[in-house]
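# Structure assessment
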Amino acid sequence: VEASIPEPQREAWKRSQTSAFKSSDEFEKEVVRHVETSLARSMFNCDEKAAYSATSLAFRDHLILDWNKTQQRQTYRDSKRVYYLSLEFLMGRALDNAMLNVGLKDTAKAGLADLGFRIEDIIGQEHDAALGNGGLGRLAACFLDSLASLDFPAWGYGLRYRYGIFKQEIIDGYQVEVPDYWLDFNPWEFPRHDVTVDVQFFGSVKKVPNEQGKSVAVWEGGEIVVAVAYDVPIPGYDTPTTNNLRLWSSKASGGEFDFQKFNSGDYESSVAEQQRAETISNVLYPNDNLERGKELRLKQQYFWVAASLYDIVRRFKKSKRAWREFPEQVAIQLNDTHPTLAIVELQRILIDIEGLDWDLAWEIVTGTFGYTNHTVLPEALEKWPVGLVQHLLPRHLQIIYDINLFFLQSVEKQFPDDRDILTRVSIIEESQPKMVRMAHLAIVGSHKVNGVAELHSDLIKTTIFKDFVEIYGPDRFTNVTNGITPRRWLHQANPRLSELIASKLGSHEFLKDLSQLNKLELLVQDKEFKKEWAEIKFANKVRLAKYIKETTGVNVNPSALFDVQVKRIHEYKRQQLNIFGVIHRYLTLKAMTPAERKKQLPRVSIFGGKAAPGYWMAKQIIHLINAVGSVVNNDEDIGDLLKVIFLEDYNVSKAEIICPASDISEHISTAGTEASGTSNMKFVLNGGLIIGTCDGANIEITREVGENNIFLFGNLAEDVEDLRHAHTYGSHTIDPDLAKVFEEIQKGTFGSVHDFSAMIAAVKDHGDYYLVSDDFHSYIETHTLVDEAYRNQEEWVVKSITAVARMGFFSSDRCIYEYADGIWNVEPLPRRD
Ligand code: BZD
């Protein structure tokens, strides 16, 4: 770092280096200073909110110093960088994470206690940064944590939405969406008003001869929207490396408003222009696994991609290297197809602006990009109408057509007798209207395509991208099974378990090398250890029970089996299967004599998750869960034997309370539909077991933890197609137990017969696409096995410890090493200061 500072400043810098607090006394001083100066308040009226703000500012100072040094060193060393392009980063809270990563949480705890605050209350003041929908956005956040913790030179690029995912309220059992305005005080971002990019939309393309007489395309006219950078520091755990997440915010090019228009009396249109520009980064689209083809969404994508690429190219050009070295300096990962326009944009920059030949430019482009696919669901595969792309990005459409032409020409050469393959793989779908298939563009423009779990990576190779395997060979396709960061999902969420493990393994090293957990297996017969393990689970359940009481008013017994399904609400994730199963359990209990009931194991069924606002069926599922809850929870015959809870507004910070408190969690998607799932990993890492289908990462979790430590049920992916076919063309009989559940719903036991009729019809009359009836029996039986296993607490704890001990593979650190090695070809750049 020192050598990178010019002579005259270097001495002064060395003399007056700022240093961050280390002791709790110094921390307290910083907090008081920030309250009195940064916040301009007096300590007399320092409430919890102010204490949170000041504590964050103190830790922020800590991060900034490391951040500056990391960036200086990365620039000076000029090593290859990774850029992770994601429209979503579901970061959650930052303060707790910052405290743990710099290793000063205990220091802060002591300091805050001295000032009269409990650290949990202060941490609880922070608003989640919820710039994502679900798994895809949270994966991006876990990857940033791992990249920094492993010292990789890496940046994230995203959009700075003014509104993140909506807040969910449950009113009379129905979901109501409330806007999530999260930016009123956000100490974790730094506006860089000097880092801006002009992004062009609309206009037209003209061909003009250049100096060599060659015809080049000039994109002119249209409108300009300005992208302003906001930077967020990403601290690594137990390392000074602090990476950067750059989020772009949109503003009108005339500044606040266009003064010329203002002066000429056209005030209204100048304000309208400003509003139109700001709309681009206004709101996160709240759909998961669905693309609806809205123009504003495409604008968001290009805005963010253009700003990010301009920034990346600007940084590369400073190094004065030759263009062919670009892929040796830059790796760009596309988190799903949302950033696919980056491929076209880089080709455009290289040929139209930098004057490179098409072929060299294309070699650079494909050498730079990697594409991660997260779904095989047809409704989630992105397609854009050609007309819309033409209108918004006329030059890009030309380039897409050229890319497609060269691609199809080579396919034709390779398969001269096969006309159909051209239609199938074309980037342009010859439909009415014509569509640009973003996944095809992403595959053609990348050197590697990966799925996110083994089954999923196999499925994309044999179904949706089969032809591309024929064309490019199997090597373009690879698998990187997802992972989660053990820092947030064990150390932060479950501090007592993390400490117990550290005390047994002798250090916290397992947090950076999760495979070390395997040493816990030596302790599965250690009585004292098992007791402590069980006590921690119980304490976490007590904490969740308290939270349930506070938020829903329902008392739940912490000794009951806690059965949890928290994730986005979607028919393919089958919360409907779960709630039908709960009704079945309720009916079974009701049919028992009081004496029989006494012998039953008490259970709490906990649900949580948001439905996309336009997804009517998902909203009905939420309604049914709540309706069942109000009946069951107030039934005196049932008492503690069954409680049904819907937790409002499931998000990252709530997941941190819920995951450590589950005994069993549900990952029950129709086989072949959930690409990976990542909450399955979070639950098992916290000592909960899983009931699940043979889908996504459940399969690899089973391989790691062993079949005795997981509860699998249901049909296999390979049988799904035939079953669906039989439903439609054969006779379709409903499972008899499920039929009883339907009868009960239709009797009005849970109210609103009319509301729930569509859910029933989906199974009975519309082909049961998600195989709810086919899997029902095996689901119910497997829950009986869960009950039996749970009765033997001794054995259950052994299963729990064994499963945790075998979870090392699912660290996102392992993922990052696999990407670094197999896709990005980058090395870590550790800081030595
Ligand atoms: O990505 C999810 C998959 O459904 C999970 O199986 C997988 O574990 C994770 C991480 O790989 N996909 C999403 O979360 N997708 C979205 O949220 C999304 C958002 C916008 C548009 C399309 C999909």
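Residues numbered from 1 in each chain as written. Predicted model: local features only at pLDDT ≥ 70, side-chain atom pairs only at ≥ 80, totals over all residues. Heavy atoms only, no water.

## Remarks on the overall build of the protein chain
Along the backbone of the protein chain there are 34 helices and 24 strands. Its C-alpha atoms give the protein chain principal-axis dimensions of roughly 95 × 75 × 60 Å. Burial status across the protein chain gives 59% buried among its 833 residues. Summing over all exposed atoms, the protein chain offers an accessible surface of approximately 33300 Å²; the carbon and sulfur share of this is 50%. Mean positive and mean negative side-chain charge positions of the protein chain (93 and 118 charges, respectively) differ by 3 Å. (Helix = DSSP H or I, 4+ residues; strand = E, 2+ residues; numbered from the N terminus. Buried < 20%, exposed > 50% of the residue type's maximum accessible area, 1.4 Å probe, protein only. Areas by Shrake-Rupley, 256 points an atom, 1.4 Å probe, with all protein chains shown as cover. Lys, Arg positive; Asp, Glu negative; His and termini not counted. Charge placed at Lys NZ, Arg CZ, Asp CG, Glu CD.)

## Details of the nonpolar core
In terms of nonpolar packing, the biggest core is built from 233 residues, with Phe201, Trp248, Leu520, Trp533, Phe580 and Trp824 touching the most fellow members. Residue contributions to this core peak at eleven residues, all from helix H10 (residues 295–318). Residues lining this core come from more than one domain, with at least three contributed by each of domain 2 (78–93 + 128–479) and domain 3 (486–496 + 504–543 + 559–814). Ignoring any residue separated from it by four or fewer positions in sequence, one finds Trp533 in contact with Leu497, Leu500, Ile501, Leu520, Val797, Ser800, Ile801 and Val804. Grouped together as the second largest cluster of nonpolar side chains are 23 residues, Cys46, Tyr52, Ala58 and Met99 included. (Core = buried A, V, L, I, M, F, W, Y, C linked by side-chain atoms within 4.5 Å. Domains from an automatic or database assignment. Contact = heavy atoms within 4.5 Å.)

## Considerations on the packing of helix H2 (residues 24–38) against helix H3 (residues 48–77)
Orientation of H2 relative to H3, taken along the N-to-C sense of each, is 115°, at an axis distance of 8 Å. For the element pair H2 / H3, the angle class is roughly perpendicular. Along this stretch, H2 crosses H3, giving a crossing that reads as right-handed. Counting all contacts with H2, which are made through Phe27, Glu30, Val31, Arg33, His34, Val35 and Ser38, the residues of H3 involved are Ala50, Ala54, Thr55, Leu57, Ala58, Phe59 and Asp61. (Axes fitted to C-alpha atoms, helices over the stretch in contact; angles between N-to-C directions. Parallel < 35°, antiparallel > 145°, perpendicular 65-115°, else oblique. Left-handed = near helix turned anticlockwise from the far one by under 90°.)

## Describing the pairing of strand S20 (residues 603–608)
Regular strands have side chains that alternate between both faces of the sheet. For S20, the buried fraction is high: six of the six residues fall into the buried class. Residue alternation in S20 divides its side chains into two sets, Arg603, Ser605 and Phe607 and Val604, Ile606 and Gly608, and both sets are buried. Taken together, the six bridges between strand S19 (residues 561–566) and S20 define a ladder with parallel strand orientation. Paired with Val566 across the two strands is Gly608, which belongs to S20. Sheet topology places S20 next to strand S21 (residues 642–647); six bridges connect them, and they run parallel. The residue of S21 that forms the bridge with Arg603 is Leu642. (Pairing = 2+ DSSP bridges.)

## A few points about helix H28 (residues 698–705)
Among the residues of H28, Asn698, Glu700, Ile701, Thr702 and Val705 are the ones counted as buried. Looking at the buried positions of H28, the neighbouring elements they touch are helix H18 (454–462), strand S22 (664–667), helix H27 (679–685), strand S23 (689–692), strand S24 (711–712) and helix H33 (793–805). Looking one or two residues past H28, Gly706 carries a phi angle of roughly 95°, positive in sign.

## Here's the deal with the site of the ligand
In the vicinity of the ligand lie 20 residues, with Leu136, His374, Asn482, Glu674 and Gly677 positioned nearest. A distance of 2.7 Å separates an oxygen atom of the ligand from a polar side-chain atom of Glu674. Between the ligand and Ala675 there is a distance of 3.3 Å, counted from an oxygen atom to a backbone nitrogen or oxygen. Its free accessible area being 510 Å², the ligand has 97% of it covered by the protein chains. (Near = heavy atom within 4 Å. Polar contact = N/O pair within 3.5 Å; in protein donor to acceptor, adjacent residues only side chain to side chain.)

## Some thoughts on the domain arrangement of the protein chain
According to the domain assignment, the protein chain contains domain 1 (19–77 + 105–127), domain 2 (78–93 + 128–479) and domain 3 (486–496 + 504–543 + 559–814). Each of domain 2 and domain 3 was reduced to a C-alpha centroid, and the two centroids are 35 Å apart. At the interface, 44 residues of domain 2 touch 46 residues of domain 3. For the pair domain 2 and domain 3, the number of links is five salt bridges. Counting the contacts that link domain 2 with domain 3 gives 24 residue pairs in polar contact (both at pLDDT 80 or more). Listed by contribution, the elements that provide at least two residues to the side of domain 2 that touches domain 3 are strand S2 (89–92), helix H7 (135–149), strand S5 (167–171), strand S6 (174–178) and H18. For the side of domain 2 that touches domain 3, a count of residues per class yields 18 nonpolar, 14 polar and twelve charged. (Salt bridge = Lys/Arg side-chain N within 4 Å of Asp/Glu carboxyl O. Nonpolar A, V, L, I, M, F, W, Y, C, P; charged D, E, K, R; others polar.)

## Quick look at the pattern of salt bridges
Within this structure, the stated rule accounts for 52 salt bridges. Among the salt bridges present, the one from Asp635 reaches Lys590, with a minimum N-O distance of 2.8 Å. With Asp635 in the loop between helix H25 (616–632) and S21 and Lys590 in helix H23 (residues 575–590), this residue pair connects regions lying 45 residues apart in the sequence. Asp635 sits in the buried class, given a relative accessible area of 12%. Given a relative accessible area of 32%, Lys590 falls into the partly exposed group. Here the salt bridges share partners, and the residues they tie into one network are Arg192, Asp231, Arg246, Asp311, Arg314 and Arg315.

## Some points on the confidence of the model for the protein chain
Looking at the protein chain as a whole, the pLDDT averages 96, with 99% of positions reaching at least 70. The ipTM, which scores confidence in the relative placement of chains, is 0.99 for this predicted complex, and the corresponding pTM is 0.97. (pLDDT = per-residue confidence, 0-100.)

## Re unusual backbone geometry
For the peptide bond that leads from Gln432 to Pro433, omega is -5°, which places it in the cis range. Of note in this structure, Asp78 is not a glycine but carries a positive phi near 50°. Assignment of secondary structure puts Asp78 in the loop between H3 and strand S1 (81–85). Backbone geometry places Asn289, a non-glycine residue, at a positive phi of 55°. Along the chain, Asn289 falls in the loop between helix H9 (267–279) and H10.

## Digging into the side chain of Thr239
Along the chain, Thr239 falls in the loop between strand S10 (223–235) and strand S11 (242–252). Among the polar contacts listed, one links the side chain of Thr239 to the backbone nitrogen of Thr241, at a separation of 3.1 Å. When near neighbours in sequence (up to four residues on either side) are disregarded, Thr239 contacts Ala148, Ser149, Asp151 and Lys512.

## Looking at the state of the cysteines
Counted under the stated rule, the structure contains zero disulfides. No disulfide involves Cys659; its nearest neighbouring cysteine sulfur is the one of Cys142, lying 11 Å away. (Disulfide = S-S within 2.5 Å.)

## Brief notes about the packing of aromatic side chains
Summed over all chains, the structure comprises 32 aromatic pairs. Both rings, one in Tyr819 and one in Trp824, keep their centres 5.1 Å apart while their planes meet at 20°; by these two values the pair is stacked. As far as burial versus exposure is concerned, Tyr819 and Trp824 are alike and both buried. An aromatic cluster is defined as three or more aromatic residues linked by ring pairs; in this entry it consists of Phe407, Phe465, Phe468, Tyr472 and Phe477. (Phe/Tyr/Trp six-rings, centres within 6.5 Å; stacked < 30°, edge-to-face > 60°.)

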